[in-house]
Amino acid sequence: MTDAGPGSPQIAVLIPCYNEAGTIAAVVRGFRAALPQARIHVYDNNSTDGTALQAMLAGAAVTRERRQGKGNVVRRMFADIEADIYLMADGDGTYSPDDAEDLIRTLMTEGADMVVGTRRNVHADAGRNGHAFGNRLFNQLYRGIFGSEFTDIFSGYRAFSRRFVKSFPAISAGFEIETEMSVHASRLKLPVSELELDYGRRPEGSHSKLSTFRDGAKILWMFAMLMKETRPFAFFGALGTAVMAASLVFMTPVLIEFFETGLVPRMPTWVLSLALMMIAFILYAAGVILDSVARARAELLRLHYVNLPAARAGVSEARAAAAQADRAA
């Protein structure tokens, strides 16, 4: 892409970083070469290896976010930066800046609000073999719960419209933020697209910050919380069904004995089964009520989203009109 003219959209490249001094300078220079009209923003998340200095020397605008966790950084970036198009990438050098133009072009030509750069060779690196099973499992789980729009919910290489960025709640604190982005798009039925890209290897001395079990547990917990918030009837219905099944397990032998003898010798078991059955009905009722609340919240989010100006249709034309007025004056 050439330098931005008066009618061109403003592009911001957002790079969250934590201890990526060995790669961040090359990443910044790569995006400056690929998108000369874009502003490069690096948000340093308490790095101790000189990441911020390397990014600054490479020409990026550097901001420090003291709250630890990628989700906290993304929330700060989305709140601080004003642009028409946002491109988010990691600072570890695994995503190629040369693919940035394709992501942005897809965003603009397809009228999408988010384009995800799915990782073609994500399992090629031997250092990631421990994450391969969890990656496939969580993607299948996502498609089963929230929809089939995405095949790689953990990709950190994404392009966004201003509408998406300014309507995204960003509740997560850590690496589960990409999952929340995908659920937000699925919940509001936003136009999204995927673009398959190569996924590079980390250079020597650079190590993944992901912990297979710790971060896997956080993502699983996020799945449960997002399901509770966005699909409460399915969530509480599943809990209610499990509790009802337990109630029937305890209740069945007591009923059999009652029909055979006319007696209920195991009264505590009977009381427990009835209590579990009542809890199951309460869970079903909670699911019905909260489902209505979730629909109302989704409608409010959708109204906020549609009230934001569409950059492709309005911002660039407004800039062109302003430039023409300046020339006339």
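Let me begin by describing the structure that accompanies this report. What you see is a predicted model; the values in this text were computed from it and never measured. (Residues numbered from 1 in each chain as written. Predicted model: local features only at pLDDT ≥ 70, side-chain atom pairs only at ≥ 80, totals over all residues. Heavy atoms only, no water.)

## A closer look at the environment of alanine 33
Mapped onto the elements, alanine 33 comes out in helix α1 (residues 24-34). Here the alpha-carbon distance between alanine 33 and proline 97, two residues 64 residues apart in the chain, equals 8.3 Å. (Helix = DSSP H or I, 4+ residues; strand = E, 2+ residues; numbered from the N terminus.)

## Some remarks on the side chain of serine 172
Residue position: serine 172 is located in the loop between α6 (162-167) and α7 (177-188). Taking the relative accessible area as the measure of exposure, serine 172 reaches 2% and is therefore buried. Of note is the side chain of serine 172, whose polar atom sits 2.6 Å from the side chain of glutamate 180. (Buried < 20%, exposed > 50% of the residue type's maximum accessible area, 1.4 Å probe, protein only. Polar contact = N/O pair within 3.5 Å; in protein donor to acceptor, adjacent residues only side chain to side chain.)

## Some points on the packing of helix α3 (residues 70-80) against α7
For any two helices packed against each other, one specifies the crossing angle of their axes together with the interaxial distance. Look at α3 against α7: their axes get within 9 Å of each other, and the N-to-C directions meet at 55°. As far as their axial angle goes, α7 and α3 are oblique. Here Lys70, Gly71, Val74 and Phe78 of α3 lie close against α7, whose contacting residues are Ile177, Glu178 and Met181. Taken together, the residues of the contact of α3 with α7 sort by class into 4 nonpolar, 1 polar and 2 charged. (Axes fitted to C-alpha atoms, helices over the stretch in contact; angles between N-to-C directions. Parallel < 35°, antiparallel > 145°, perpendicular 65-115°, else oblique. Contact = heavy atoms within 4.5 Å. Nonpolar A, V, L, I, M, F, W, Y, C, P; charged D, E, K, R; others polar.)

## Some details on the pairing of strand β3 (residues 61-64)
Where strand β2 (residues 39-44) lies against β3, 4 bridges are found, and the strand directions are parallel. Paired with valine 42 across the bridge in β3 is valine 62. In this region the chain leaves β2, passes through helix α2 (residues 51-57) and returns to the parallel neighbour β3; the handedness of that crossover is right-handed. (Pairing = 2+ DSSP bridges. Right-handed = clockwise from strand over helix to strand, strands pointing away.)

## Let's talk about the nonpolar core
Soluble globular proteins: nonpolar side chains tend toward being buried together. If you look at the biggest cluster of nonpolar residues, it comprises 44 residues, and the most contacted ones within it are Phe78, Phe160 and Met181. The residues touching methionine 181, leaving out its near neighbours within four places in the chain, are Val74, Phe78, Met88, Met114, Arg158, Phe160, Phe164 and Phe168. Counting residues in hydrophobic clusters, the runner-up holds 31 residues, among them Leu35, Ile40, Leu87 and Leu107. (Core = buried A, V, L, I, M, F, W, Y, C linked by side-chain atoms within 4.5 Å.)

## Quick look at the packing of aromatic side chains
Within the structure shown, the criterion is met by 15 aromatic pairs. Ring centres of tyrosine 142 and phenylalanine 150 lie 6.2 Å apart, and the angle between their planes is 70°; this geometry places the pair in the edge-to-face category. On the basis of relative accessible area, tyrosine 142 is assigned to the buried category, the value being 0%. The class of phenylalanine 150 is buried, set by a relative accessible area of 1%. Among the aromatic side chains, those forming a connected cluster through ring pairs are Phe138, Tyr142, Phe146, Phe150, Phe154 and Phe223. Just above the ring of tyrosine 305 sits the side chain of arginine 163; from NZ or CZ to the centre is 5.0 Å. (Phe/Tyr/Trp six-rings, centres within 6.5 Å; stacked < 30°, edge-to-face > 60°. Lys NZ or Arg CZ within 6 Å of the ring centre and 35° of its normal.)

## Side note on the sheet that holds β2
In a beta sheet, neighbouring strands pair by backbone hydrogen bonds and run either parallel or antiparallel. The sheet built from 7 strands is open, its strands ordered β3-β2-β1-β4-β6-β5-β7 with mixed pairing. Looking along the sheet, the strands with just one partner apiece sit at the ends: β3 and β7 (192-197). Strand-to-strand twist of the sheet, defined as the mean angle between neighbouring strand axes without regard to direction, takes the value 20°. Relative to strand β4 (residues 85-88), strand β1 (residues 11-17) runs parallel, the two sharing 4 bridges. Looking at the pairing, leucine 14 lines up with methionine 88 of β4. Its contacts with the sheet put α1 on β1, β2 and β4, and the angle it makes with β1 is roughly 170°. Packing of helix α4 (residues 100-109) onto the sheet brings it into contact with β1, β4, β5 (114-119), β6 (158-161) and β7, and relative to β5 it is tilted by some 140°.

From the geometry alone we can't say anything about function, so treat these as descriptive.
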